[in-house]
Amino acid sequence: MHRGMIATAVGIAKEEGVRKLWQGVTPALYRHIVYSGSRMSFYEVLRERVFKKSKDGTFPVWKASLSGLLAGAGGQFLSSPADLVKVQMQMEGRRRLEGKPPRVKNTAHAFRMILAEGGIRGLWCGWVPNVQRAALVNLGDLATYDTAKHTILTRTNLKDNHLTHTMASACSGLVAALMGTPADVVKTRIMNQPTKDGKGLLYSGSVDCLIKTVKQEGFLALYKGLVPIWARMAPWSLVFWLSYEEVRKLTGTSSF
């Protein structure tokens, strides 16, 4: 049944209970611990030691974009197993409503089931579209925040404060959602498809999934879920960047 973001949320609450709106939050937290820490570390190493800033202290857009791509890809590759578990756990309610047997019980059980079926490699099922999505999201998030913030500081009278950080994070959240939604659609479909011997039964890879989705449902199908993705990314980007800048300030580190 096709329904929008609000109707879907209400439907989940009615059919499965309000608590199910937080289904998969545990592996999501595991994922972010690894993902957020590593992507920021990778980006700063790339910015400060590999590509390096210009003599005037600016970081060109092309360097910021490439650094964001690489940092996002690296961070997501490391955190892909937790993301796989999160996606599978979030689909359990729908499986039960369709009369299908439960697949996983909790985070630990999900990890054990994946290992039993596909071994260590099974934990990285769907990692290619996962990494592609993260690379695009971080191109939008990291590069946009970095560029927007320093553009605001150099072309306006605003100071390096919460207002500037809020404006830059609003830009980064929007661009990240626009960049990452198509890859997110592909990633979710690949990671949630039925498997046999560790191999997907519906799609052979991200390109195959992309082509089949466009052929069967049209190009706009790649932007299914754009509104809820943006509704998640916008507040997340705001909270993350304000917190990150404050932590840097409290620890005596220069502003991002």
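About the criteria used
- Residues numbered from 1 in each chain as written.
- Predicted model: local features only at pLDDT ≥ 70, side-chain atom pairs only at ≥ 80, totals over all residues.
- Heavy atoms only, no water.
- Helix = DSSP H or I, 4+ residues; strand = E, 2+ residues; numbered from the N terminus.
- Rg over C-alpha atoms; globule rule 2.2 N^0.38 Å.
- Buried < 20%, exposed > 50% of the residue type's maximum accessible area, 1.4 Å probe, protein only.
- Contact = heavy atoms within 4.5 Å.
- Areas by Shrake-Rupley, 256 points an atom, 1.4 Å probe, with all protein chains shown as cover.
- Lys, Arg positive; Asp, Glu negative; His and termini not counted.
- Charge placed at Lys NZ, Arg CZ, Asp CG, Glu CD.
- Salt bridge = Lys/Arg side-chain N within 4 Å of Asp/Glu carboxyl O.
- pLDDT = per-residue confidence, 0-100.
- Core = buried A, V, L, I, M, F, W, Y, C linked by side-chain atoms within 4.5 Å.
- Expected span 1.5 Å × (residues − 1).
- Bend = angle between axes of the 7 residues up to and from the residue.
- Polar contact = N/O pair within 3.5 Å; in protein donor to acceptor, adjacent residues only side chain to side chain.
- Axes fitted to C-alpha atoms, helices over the stretch in contact; angles between N-to-C directions.
- Parallel < 35°, antiparallel > 145°, perpendicular 65-115°, else oblique.
- Nonpolar A, V, L, I, M, F, W, Y, C, P; charged D, E, K, R; others polar.

*Asks:* It is not clear to me how the overall build of the chain should be interpreted in this structure. Could you clarify?
*Replies:* The helix and strand tally for the chain stands at 9 helices and 2 strands. Here the C-alpha radius of gyration of the chain, 19 Å, is about what a compact globule of 256 residues would show, namely 18 Å. Judged by the C-alpha coordinates and their principal axes, the chain covers about 60 × 40 × 35 Å. Relative to its full complement of 256 residues, the chain shows a buried share of 39%. Pairs at least 24 residues apart make up 70% of the contacts formed inside the chain by residues separated by at least 6 positions. For the chain, the accessible surface area stands at approximately 14,200 Å², while carbon and sulfur atoms represent 65% of it. Across the chain, 35 positive and 18 negative side-chain charges occur, with their mean positions spaced 2 Å apart.

*Asks:* Explain the pattern of salt bridges to me, please; I cannot follow it from the model alone.
*Replies:* Where charged atoms from two side chains of opposite charge approach closely, those side chains can pair. Scanning the model with the defined rule gives 13 salt bridges in all. Residue Asp141 pairs with Arg39 through a salt bridge whose shortest N-O separation is 2.9 Å. Of the two residues, Asp141 is situated in helix H6 (residues 127-155) and Arg39 in helix H2 (residues 25-50); the sequence distance between them amounts to 102 residues. On the accessibility criterion, Asp141 (3% relative accessible area) is buried. Connected through shared salt-bridge partners, Glu44, Arg47, Glu48, Lys53, Asp146 and Arg248 make up one network.

*Asks:* Explanation requested: the confidence of the model for the chain in the structure shown.
*Replies:* Do not read the fine detail of predicted coordinates wherever pLDDT is low. Put simply, the chain has an average pLDDT of 88, and 98% of its residues get 70 or more. Mean pLDDT values over the elements of the chain span from 72, in helix H4 (residues 92-97), up to 93, in H2.

*Asks:* I would appreciate a short explanation of the nonpolar core in the present structure.
*Replies:* Core analysis: the largest hydrophobic core is formed by 14 residues, its most contacted members being Met40, Tyr43, Leu142, Trp241, Tyr244 and Phe256. At the level of elements, H2, helix H3 (61-90), H6 and helix H9 (226-250) are the ones that each hand at least two residues to this core. Here the element with the most residues in this core is H6; it accounts for 4 residues. Setting aside residues no more than four positions away along its own chain, Tyr244 makes contact with Met40, Glu44 and Phe256. Of all hydrophobic cores here, the second largest spans 10 residues; its members include Leu84, Val85, Met89 and Met191.

*Asks:* What exactly am I supposed to notice about the environment of Tyr30 here?
*Replies:* Looking at where Tyr30 falls in the secondary structure, it is placed in helix H2. Tyr30 gets classed as partly exposed once you look at its relative accessible area, which sits at 44%. On a C-alpha basis, the gap between Tyr30 and Ser79 in space is 8.0 Å, while along the polypeptide they are 49 residues apart.

*Asks:* Help me understand helix H7 (residues 162-192), please; the structure alone is not making it clear to me.
*Replies:* Helical geometry: 3.6 residues make up each α-helical turn, so side chains three or four residues apart lie on a common side. Taking 1.5 Å per residue, 31 residues should reach 45 Å; H7 reaches only 39 Å between its end C-alpha atoms and comes up short. Along its length, H7 shows its largest kink, about 45°, at Gly180, and proline Pro182 lies within four residues downstream of that point. Among the residues of H7, the N-terminal cap falls to Asn161, whose side-chain oxygen and the backbone nitrogen of Leu163 are separated by 3.2 Å.

*Asks:* Teacher, can you tell me more about unusual backbone geometry here?
*Replies:* Backbone geometry places Lys52, a non-glycine residue, at a positive phi of 65°. Relative to the helices and strands, Lys52 resides in the loop between H2 and H3.

*Asks:* Can you walk me through the packing of H2 against H3 in this structure?
*Replies:* Each pair of packed helices can be summarised by the angle the axes make with each other and by the distance between the axes. Look at H2 against H3: their axes get within 8 Å of each other, and the N-to-C directions meet at 170°. The pairing of H2 with H3 is recorded here as roughly antiparallel in orientation. For the contact of H2 with H3, the class distribution of residues is 15 nonpolar, 8 polar and 5 charged.

*Asks:* Help me understand the environment of Leu115, please; the structure alone is not making it clear to me.
*Replies:* Within the fold, Leu115 resides in helix H5 (residues 107-122). Discounting chain neighbours no more than four positions away, the residues touching Leu115 are Ile120 and Leu123.

*Asks:* Would you mind going over the packing of H7 against helix H8 (residues 206-217) with me for this structure?
*Replies:* Running from amino to carboxyl end, H7 crosses H8 at an angle of 110°, the nearest separation of the two axes being 10 Å. Comparing the axis directions of H7 and H8 gives the class roughly perpendicular. Note on element contacts: H8 touches H7 through Ser206, Cys209, Leu210, Thr213 and Glu217, opposite Val186, Arg189 and Ile190. Of the residues in the contact of H7 with H8, the class split is 4 nonpolar, 2 polar and 2 charged.

*Asks:* Even after reading the chapter, I still don't get the environment of Leu174, so can you show me in this structure?
*Replies:* Mapped onto the elements of the fold, Leu174 is located in helix H7. Note on Leu174: relative accessible area 42%, which makes it partly exposed. Each C-alpha atom, one on Leu174 and one on Leu153, is 20 Å from the other, the two residues being 21 residues apart in sequence.

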